Amino acid sequence: MLEGERRAACSAEDLTQIERITDTLAVALENAQLLQRTTERTEEIEHANDRQAALLGTIQELSSPVVPIARNIVVMPIIGAMDAQRTGRFLESMLREIAERRARVVLIDVTGMAVVDAVAADHLMAAARAAGLLGAEVVLVGITPAAAQLMVQQGLDLGCVVTRSTLELGFAYALSQTGGRVVYSRSSGARRS
């Protein structure tokens with residue numbers, strides 16, 4: 001009990017009321033602190049989501065790279081699996097680069113492709129048809145022996161799509177189609193015979 005010079009300054013009923021007010025204020029303070037922590041955590045999560053979205057965007061851009069290797073010739077390596085979403089990005093990227101670079105030959109390197117099955121072959125054929133509409137030819141390179149065997153077993157028909165076993169052979173074919181040639185020069189430090 002509160003004691004002071006004035007007797008009966010606080011009755012038992014007043015003390016009960018003060019305790020209720022104190023408890024209510026304590027709960028309100030805890031709620032305010034909880035709200036502040038929740039707000040801070042929500043902001044942290046939003047920043048993490050923004051970073052994740054940026055990283056996913058970068059990954060998507062890198063998942064369908066286009067590498068110009070000579071005038072009118074570009075290479076598009078495929079690493080991993082080609083699902084419907086990735087195929088859409090792949091086609092969009094390929095068609096944009098064909099138009100911008102006036103590519104006549106697109107070497108699609110499937111060396112790193114996880115599985116070359118009927119679905120993947122359909123995606124590749126769609127890419128070849130789309131490129132053809134822009135006047136470019138698709139050459140599939142890097143088909144592994146196991147992928148070739150699987151494709152034959154499944155009765156897959158690549159139609160008139162040109163294939164080469166390696167990127168080097170695909171590049172040689174692309175040069176022959178574009179009138180290009182490889183020119184080797186001697187380095188400045190080499191001795192002439």
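Please refer to the structure placed before this passage.
What counts, and where the lines are drawn
- Residues numbered from 1 in each chain as written.
- Predicted model: local features only at pLDDT ≥ 70, side-chain atom pairs only at ≥ 80, totals over all residues.
- Heavy atoms only, no water.
- Salt bridge = Lys/Arg side-chain N within 4 Å of Asp/Glu carboxyl O.
- Helix = DSSP H or I, 4+ residues; strand = E, 2+ residues; numbered from the N terminus.
- Buried < 20%, exposed > 50% of the residue type's maximum accessible area, 1.4 Å probe, protein only.
- Pairing = 2+ DSSP bridges.
- Right-handed = clockwise from strand over helix to strand, strands pointing away.
- Axes fitted to C-alpha atoms, helices over the stretch in contact; angles between N-to-C directions.
- Contact = heavy atoms within 4.5 Å.

## Let's talk about the pattern of salt bridges
Between side chains of opposite charge, a pair can form as their charged atoms come close.
Thinking step 1. Counted by the stated rule, this structure contains 3 salt bridges.
Thinking step 2. A salt bridge links arginine 41 to glutamate 44; the nearest nitrogen and oxygen atoms lie 3.1 Å apart. With arginine 41 and glutamate 44 both in helix α1 (residues 12-63) and 3 residues apart, the pair spans about one turn of that helix.
Thinking step 3. One salt bridge connects glutamate 92 with arginine 96, and the closest N-O pair in it is separated by 3.9 Å.

## Details of the environment of aspartate 122
Thinking step 1. Within the fold, aspartate 122 resides in helix α3 (residues 118-133).
Thinking step 2. It is 9.0 Å that separates the C-alpha atoms of aspartate 122 and leucine 156, two residues lying 34 residues apart in sequence.

## Quick look at the pairing of strand β3 (residues 105-113)
The side chains of a regular strand alternate between the sheet's two faces.
Thinking step 1. Counted residue by residue, β3 has 7 buried out of 9 residues, so it is predominantly covered.
Thinking step 2. Relative to β3, strand β2 (residues 73-80) is paired through 7 bridges, and the arrangement is parallel. Opposite methionine 76, over in β3, you have isoleucine 108 as the bridge partner.
Thinking step 3. The parallel pair β3 and strand β4 (residues 137-141), bridged by α3, forms a crossover whose chirality is right-handed.

## Structural notes on the sheet that holds strand β1 (residues 67-70)
Thinking step 1. Taken together, the 5 strands give an open sheet; going across it, the order is β1-β2-β3-β4-β5, and neighbouring strands pair in mixed fashion. Lying at the two open borders of the sheet, with one neighbouring strand each, are β1 and β5 (162-164). Ignoring which end each strand starts from, the neighbouring axes of this sheet average 30° apart.
Thinking step 2. Here β1 runs beside β2; their pairing, made up of 3 bridges, is antiparallel. Bridging across to β2, alanine 70 finds its partner in isoleucine 73.
Thinking step 3. Packing against the sheet, helix α2 (residues 84-101) makes contact with β1, β2, β3 and β4, and its axis sits at approximately 170° to β2.

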